[in-house]
Amino acid sequence: MIDSSAGSRPTGTARALLNALVRPSADHTPLLAQASRPWARHLPYVLAVAAIASLLPSGINVLANDYGLNGGLAGALAVAQTAPLLLAVSRPLAAWWMIGGTDLLAALLVLTTGSGSGSLWPWIPTSLIGYLILMLPLSLREPRRTLVAVWLVTTAAGGALAAAGAGSRFTGNNVLLAIALTGAVLLLGGALRERAEARRLLTEQEHISEAERERRTLLEERARIARELHDVVAHHMSVIAVQAASAPYRISDVPAEAAEEFGAIAGTARESLAEMRRLLGVLRSEDSGSEKAPQPGVGQLAQLVETVGRAGVPAELTVDAGLVERVPQAVGLSAYRIVQEALANVVRHAPGARAWVSISSDGPELLVTVVNAPPPERTESLEASVEGTGQGLVGMRERVRLVDGRLDTGPLPDGGFKVAAVLPLGTSDT
């Protein structure tokens, strides 16, 4: 059996290269159009105009004097060889067709009708310079397959012209030089384009990863808040169930209807607890067993400050007298978590710095303030060499949003940092 794939492979490759020459890149944005500075955005056009202004008069002179073409014809060819450089800023492949075709036509006219002698062949010097300038925007915009096709066409055309002019009046052959320089410019420009594309994709991926990390952190914090709220509500439901079930025994002469009503209340509370336990099984992860302990509040801040002190961060706690009993459990839990995360940030980012924690009330609002001084000496953050989790501020914002409060964070003029939260005490009666 004859393998037809071997014979069709070169044909398929040639067709792919031909398609690359006739299908330019879909991006027609001018080079450096995304630059932040206006002068950078106009730079490609300025360089193109400068190249045209330099190559146009010299091209006319070389074609007319060195290669013996008619003056008018030399002027038309020089314009066609240089003017498309402006188009190359946004559509380099179309400019390549124009300039490359004109260069080929100029070489054929010089070979057939020109009278000059002793000149380089097959590339007219000014034409070669303009062609190399064109290769740069072409390599910065078009894909690798197109660049390979352009170089192959350039090589084939140069070789054919060199063979056609062999033994004629021209004394110098620059076809190898043109092939080498064209390949070098295309290789360099293509490498720069692919490197820039790789950096762009990496930046996009980093942004996507950062957004996904923030989203994951937010979801984790919300799940943790949901678990903690479950425990808070479950405690109150348990109290309701116990009080309702024991009311007929604790209160004498309870009417039968009232006892039946107490029993219904206790049954409803137990059903609610069962439903919440099933929900808790979904919310809790396998490694969250430690979270089943009673949830902390303002009353446990003293132990938290003592623990942080053992970690090398001396902290002082100030709590208004009688405030612990007035803070609802959900608000106290949020205050505890905010202080916990703020002090943890001090340990991570300002080791050794003193910290002050203040819990006070201003009418119907709980004021939570954590302030730390700058580190006693220039020290490196414990997370300077690794990527931070990003959970600190996200968790604080979620805690504050949970109770309709406000959060203010930011650096201090002396180099320290402040975290201030205002949490409403509107549920103090629960």
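Preceding block: the structure.
The rules behind each value
- Residue numbers here run from 1 along each chain, matching the order of that chain's written sequence.
- For a predicted model such as this one, the threshold for reporting local features is a pLDDT of at least 70, and the threshold for listing and counting side-chain atom pairs is 80 or more; totals across whole chains, interfaces and linings nevertheless cover every residue.
- The side-chain numbers reported here are obtained from all heavy atoms of the structure, hydrogens and water having been left aside.
- Here, a salt bridge means any side-chain nitrogen of Lys or Arg that lies within 4 Å of a carboxyl oxygen of Asp or Glu.
- The numbering of helices and of strands both runs from the N terminus, where a helix is a DSSP run of H or I of at least 4 residues and a strand a run of E of at least 2.
- Three labels apply to residues, based on accessible area from a 1.4 Å probe with only protein chains included: buried if under 20% of the type maximum, exposed if over 50%, partly exposed otherwise in between.
- Only C-alpha atoms enter the line fits that serve as axes; for helices the fit covers just the stretch in contact. Angles between N-to-C directions range over 0 to 180 degrees.
- Orientation labels follow simple angle bins: below 35 degrees gives roughly parallel, above 145 gives roughly antiparallel, 65 to 115 gives roughly perpendicular, and whatever is left gives oblique.
- Handedness of a crossing is defined here by the sense of rotation of the near helix relative to the far one, left-handed for an anticlockwise turn of less than a right angle and right-handed for a clockwise turn.
- Note on definitions: a residue-residue contact is assigned when non-hydrogen atoms from the two residues lie within 4.5 Å.
- Any residue outside Ala, Val, Leu, Ile, Met, Phe, Trp, Tyr, Cys, Pro, Asp, Glu, Lys and Arg is labelled polar, Gly included; the first ten of those are nonpolar and the last four are charged.
- What makes a nonpolar core is a set of buried Ala, Val, Leu, Ile, Met, Phe, Trp, Tyr and Cys residues whose side-chain atoms join them at distances within 4.5 Å.
- Any two strands with at least two DSSP-identified bridges between them are counted as paired.
- Of the grid points, spaced at 1 Å and generated over the protein atoms alone, those admitting a 1.4 Å probe that cannot get out make up cavities, while open sets with protein on both sides within 12 Å along at least five of seven lines make up pockets; any residue with an atom within 4 Å of a point is treated as lining.
- Grid points are joined across faces, edges and corners, and a volume is the space filled by probe spheres set on the points.
- Two aromatic rings, drawn from Phe, Tyr or Trp (for Trp, its six-membered ring), form a pair once their centres lie within 6.5 Å of each other, and the interplanar angle then sorts them: stacked below 30 degrees, edge-to-face above 60, tilted otherwise.

### Digging into the pattern of salt bridges
- Under the criterion given, the structure shown has eight salt bridges.
- In this structure, R213 engages E210 in a salt bridge whose closest nitrogen and oxygen atoms are separated by 2.2 Å. Remark: E210 and R213 occur in helix α7 (residues 175-250); sequence separation between them is three residues, near one turn of the helix.
- On the basis of relative accessible area, E210 is assigned to the partly exposed category, the value being 33%.
- Put simply, E316 and R354 hold a salt bridge, and the shortest N to O gap is 2.8 Å. One end of the pair, E316, is in strand β3 (residues 315-319); the other, R354, is in the loop between α11 (329-349) and β4 (355-362), with 38 residues separating them in the sequence.
- On the basis of relative accessibility, which here comes to 38%, the residue E316 falls in the partly exposed class.
- In this structure R354 comes out as partly exposed when scored by relative accessible area, which is 36%.
- Through salt bridges with shared partners, a single network forms among R144, R193 and E194.

### A short note on the packing of helix α4 (residues 92-113) against helix α5 (residues 125-141)
- Running from N to C, α4 and α5 point in directions that differ by 160°, and their axes come no closer than 9 Å. In terms of axis orientation, α4 runs roughly antiparallel to α5. Of the two possible hands of crossing, α4 and α5 adopt the one that is left-handed. Here P92, L93, A95, W96, I99, G100 and D103 of α4 come into contact with α5, specifically with S127, Y131, L134, M135, P137, L138 and R141.
- Classifying every residue of the contact of α4 with α5 by side-chain character gives ten nonpolar, two polar and two charged.

### So, the nonpolar core
- Membership of the largest hydrophobic core comes to 29 residues, with the highest contact counts inside it found for V339, L343, I359, L366, V368 and L423.
- Going through the elements one at a time, α9 (301-310), α11, β4, β5 (365-372), α12 (391-402) and β7 (417-424) are the ones with two or more residues in this core.
- For this core, the element with the highest residue contribution is α11, accounting for eight residues.
- Those residues in contact with L366 that lie beyond four places of it in its chain are L323, V327, V331, A335, I359, S360, A421, V422, L423 and L425.
- In this structure, I52, L55, L85 and A149 belong to the second largest nonpolar core, which totals 23 residues.

### Structural notes on the sheet that holds β4
- Judged by pairing direction, the sheet is mixed, and its five strands sit side by side in the order β3-β4-β5-β7-β6 without closing on themselves. Where the open sheet ends on each side, the last strands, each with one partner, are β3 and β6 (406-411). Averaged over neighbouring strand pairs, the angle between their axes works out to 10° when direction is ignored.
- Pairing between β5 and β7: eight bridges, direction antiparallel.

### Describing the layout of surface pockets
- Put simply, the largest pocket is a space of about 920 Å³.
- Elements that contribute at least two residues to the lining of the largest pocket include exactly α2 (38-66), α5 and α7.
- A total of seven residues in the lining of the largest pocket trace back to one element, the largest contributor, which is α5.
- Residue composition of the lining of the largest pocket, by class: 22 nonpolar, two polar and five charged.

### A word on the packing of aromatic side chains
- In this structure the tally under the stated criterion is two aromatic pairs.
- Between W96 and W97, the aromatic rings sit 5.1 Å apart at their centres with planes inclined by 70°, giving edge-to-face as the arrangement.
- Seen in terms of ring centroids, W123 and Y131 are 5.0 Å apart; in terms of plane orientation they differ by 45°. Their pairing is tilted. An identical accessibility class is assigned to W123 and Y131; each is buried.

### Structural notes on the environment of A269
- Residue position: A269 is located in helix α8 (residues 256-283).
- Judged by its relative accessible area of 2%, A269 is buried.
- The spacing of A269 and I240 is 29 residues in sequence and 6.8 Å in space, taken between C-alpha atoms.
- Not counting chain neighbours up to four residues away, the residues in contact with A269 comprise M237, I240 and A241.

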